[in-house]
Amino acid sequence: MFSDHQECDVVVTAVAPVGTAIHAQGYDGFIDQAKHPSWRSDAPRPSVGDRMRAVVLDSTRKPPRFSALPSDIRIARSLRCTEPLMRLCPPPLPEDARAVEWDAVEAALGIVLPADYKRLVETYGGGQFAGMLWLLEPGCPEEMYDLVAQTAEREETLADLWDAGEAKPPELHDGAARLVPWAYVEGAGHMLYWLVRPGVEPEEWTVILNEGRGPLWEPHAASCSRFILDVVAGTTTSTYFTDHEDTADPADRTRFRPNSQILS
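This section reports on the structure supplied with the text. (Residues numbered from 1 in each chain as written. Predicted model: local features only at pLDDT ≥ 70, side-chain atom pairs only at ≥ 80, totals over all residues. Heavy atoms only, no water.)

**Some points on the packing of helix α1 (residues 70-79) against helix α4 (residues 115-124)**
Right, on to step 1. Running from N to C, α1 and α4 cross one another at 45°; their axes reach a closest spacing of 8 Å. Between α1 and α4, the angle is such that the two are oblique. Relative to α4, α1 is oriented so that their crossing is right-handed. Residues I75, S78 and L79 of α1 form the contact with α4, whose own contacting residues are A115, D116 and R119. (Axes fitted to C-alpha atoms, helices over the stretch in contact; angles between N-to-C directions. Helix = DSSP H or I, 4+ residues; strand = E, 2+ residues; numbered from the N terminus. Parallel < 35°, antiparallel > 145°, perpendicular 65-115°, else oblique. Left-handed = near helix turned anticlockwise from the far one by under 90°. Contact = heavy atoms within 4.5 Å.)

**Thoughts on the nonpolar core**
Right, on to step 1. Residues F129, L133, W182 and W194 are the most contacted members of the largest nonpolar core, which totals 54 residues.
Right, on to step 2. Dropping the residues within four chain positions of it, W194 is found in contact with L113, P114, Y117, L147, R178, L179, V180, P181, W182, W205, T206 and C224.
Right, on to step 3. Counting 12 residues, the second largest nonpolar core, distinct from the first, contains I22, I31, A54 and V56. (Core = buried A, V, L, I, M, F, W, Y, C linked by side-chain atoms within 4.5 Å. Buried < 20%, exposed > 50% of the residue type's maximum accessible area, 1.4 Å probe, protein only.)

**Topic: the sheet that holds strand β3 (residues 27-32)**
Strand pairing in a sheet relies on backbone hydrogen bonds, with the paired strands running either antiparallel or parallel.
Right, on to step 1. Taking strand neighbours around the barrel as the criterion, the five strands line up as β1-β2-β3-β5-β4 in a closed arrangement whose pairing is mixed. The sheet shows a mean angle of 55° between the axes of neighbouring strands, taken without regard to direction.
Right, on to step 2. Of the pairings in the sheet, the one linking strand β4 (residues 51-58) to strand β5 (residues 65-67) comprises three bridges and is antiparallel in character. Looking at the pairing, D58 lines up with R65 of β5.
Right, on to step 3. Packing against the sheet, α1 makes contact with β1 (7-16), β4 and β5, and its axis sits at approximately 60° to β4. (Pairing = 2+ DSSP bridges.)

Function cannot be read off these values alone, since they describe shape.
So, in structure tokens, the structure goes:
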């Protein structure tokens, strides 16, 4: 029937004070009042016959609960890549999952982090995908793999490089964008960043890679979870992960090694 994070077109079939009944793909659903744009903005209230885009929040409810909020739709789009990644590359045991004080982390960084990154950290923790792609995590005892420490270090390093005359990537020429690192490529030294732009929601941030032994940059119109999924699945278009020097051992391709296992 439906699955969580599924996105589809819906038609309003009835409106009540508590919410809106809808029909989608041959089945009924419900949008709670607070999950329609009119609850938080000047958008028109729903009417029977209205068509809109919505996303499944809870497929186990009867009827399934949907949201038509743009923010929920953006979050669902980013989370849809984490589930196939988990099937392809099993995470550590649930008892090894970790809780993170995200409010404190985001306050330290000065940004709100993407939902798919938070889910990756809560599910996997920091560690290595495909034998080479190291996911940074907040609170890692080794600063090389700590999200907050690397953000401060890379900002200082990049500022020194640009002051010395190295060219900035075109994506930073307007001066308002910011780079925040989220992963590191073991051996090659490549650093993966989010391209953070003012007014752009975290779920719409894209990935940009800086090669480890040179000045070149490689942008990707993808979330961090999409990028990792493509590397693990062997479907990446990145030249840095298709080159023979950066290709993972087939035995490691679908294996995740947590920091607790590598750094202990």
